[in-house]
Amino acid sequence: RPLPGWNNRKLEEFHPNDPIIRNDLLLERTTRWEGNVHFCRFYISDGECYYSNWEGYSTESIWDGYNNYDRGIGTFGMLLDLDIGTLSVYRNGQKVGTLKDGLAGVYCWSACFIVRIGGSVTMERGYDVIDA
């Protein structure tokens with residue numbers, strides 16, 4: 001979701017489920033916020049995915065490719081497709097599954113990575129993918 005002025009806050013961390021951040025984000029709500037998913041969190045280490053509308057605790061998303069998720073991923077990708085309202089996960093360019101569907105409205109994309117020694121992270125707009 002667009003967050004005008006948030007760059008000026010100089011936050012050391014941004015976690016949308018933190019109660020203080022969540023309450024401040026809810027004050028930013030506009031009519032452009034559609035649907036019931038306001039953030040989605042994915043753990044690359046085990047494939048778990050949680051989402052919330054900030055009206056309580058996060059809910060685990062039992063996604064359609066979870067059983068095929070390989071924790072030893074080489075190249076990992078995510079695709080936020082607001083034309084069809086999905087957030088999908090990719091491994092080496094091949095779609096593993098859809099984490100969440102029914103996404104609507106405007107979104108702000110953020111990502112957090114913990115890189116182990118010898119690992120690296122790059123972020124790109126657009127990605128050559130093969131849908132399963």
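Scoring rules and cut-offs
- Residues numbered from 1 in each chain as written.
- Predicted model: local features only at pLDDT ≥ 70, side-chain atom pairs only at ≥ 80, totals over all residues.
- Heavy atoms only, no water.
- Phe/Tyr/Trp six-rings, centres within 6.5 Å; stacked < 30°, edge-to-face > 60°.
- Helix = DSSP H or I, 4+ residues; strand = E, 2+ residues; numbered from the N terminus.
- Buried < 20%, exposed > 50% of the residue type's maximum accessible area, 1.4 Å probe, protein only.
- Pairing = 2+ DSSP bridges.
- Core = buried A, V, L, I, M, F, W, Y, C linked by side-chain atoms within 4.5 Å.
- Contact = heavy atoms within 4.5 Å.
- Disulfide = S-S within 2.5 Å.

Some points on the packing of aromatic side chains
Across all of its chains, the model carries 3 aromatic pairs by this definition. Centroid distance F42 to W63: 6.1 Å. Interplanar angle 70°. Geometry classified as edge-to-face. Remark: W63 occurs in the loop between β3 (59-60) and β4 (76-81) and F42 occurs in strand β1 (residues 39-42); sequence separation between them is 21 residues. The same class applies to F42 as to W63, namely buried.

Looking at the sheet that holds β1
Pairing is antiparallel across the open sheet formed by 3 strands, whose spatial order is β1-β2-β3. The open sheet has two edge strands with one neighbour each: β1 and β3. Two elements, strand β2 (residues 49-52) and β3, share 2 bridges in a ladder whose sense is antiparallel. Across the sheet, Y51 pairs through a bridge with T59, a residue of β3.

Comments concerning the nonpolar core
Ranked by size, the top nonpolar core spans 11 residues in total: V37, F42, C49, Y51, W63, Y69, L87, V89, V96, L99 and L103. Of all the secondary structure elements, the ones that give two or more residues to this core are β2, β5 (86-91) and β6 (94-100). Of all hydrophobic cores here, the second largest spans 6 residues; its members include W6, I21, L25 and W33.

Regarding the environment of I21
Within the secondary structure, I21 is located in helix α1 (residues 19-27). What I21 contacts, discounting residues up to four positions off in sequence, is W6, L11, F14, H15 and P16.

Observations regarding unusual backbone geometry
Notably, N92 is not glycine yet its phi reads approximately 50°, a positive angle. Residue position: N92 is located in the loop between β5 and β6. Owing to a relative accessible area of 43%, N92 belongs among the partly exposed residues under this scheme.

Some words on the state of the cysteines
Scanning all chains against the criterion turns up 0 disulfides. C40 forms no disulfide, and the closest cysteine sulfur to it belongs to C49, at a distance of 3.4 Å. Residue C40 is classed as partly exposed on the basis of its relative accessible area, which comes to 28%. Judged by relative accessible area, C49 falls into the buried class, the value being 1%.

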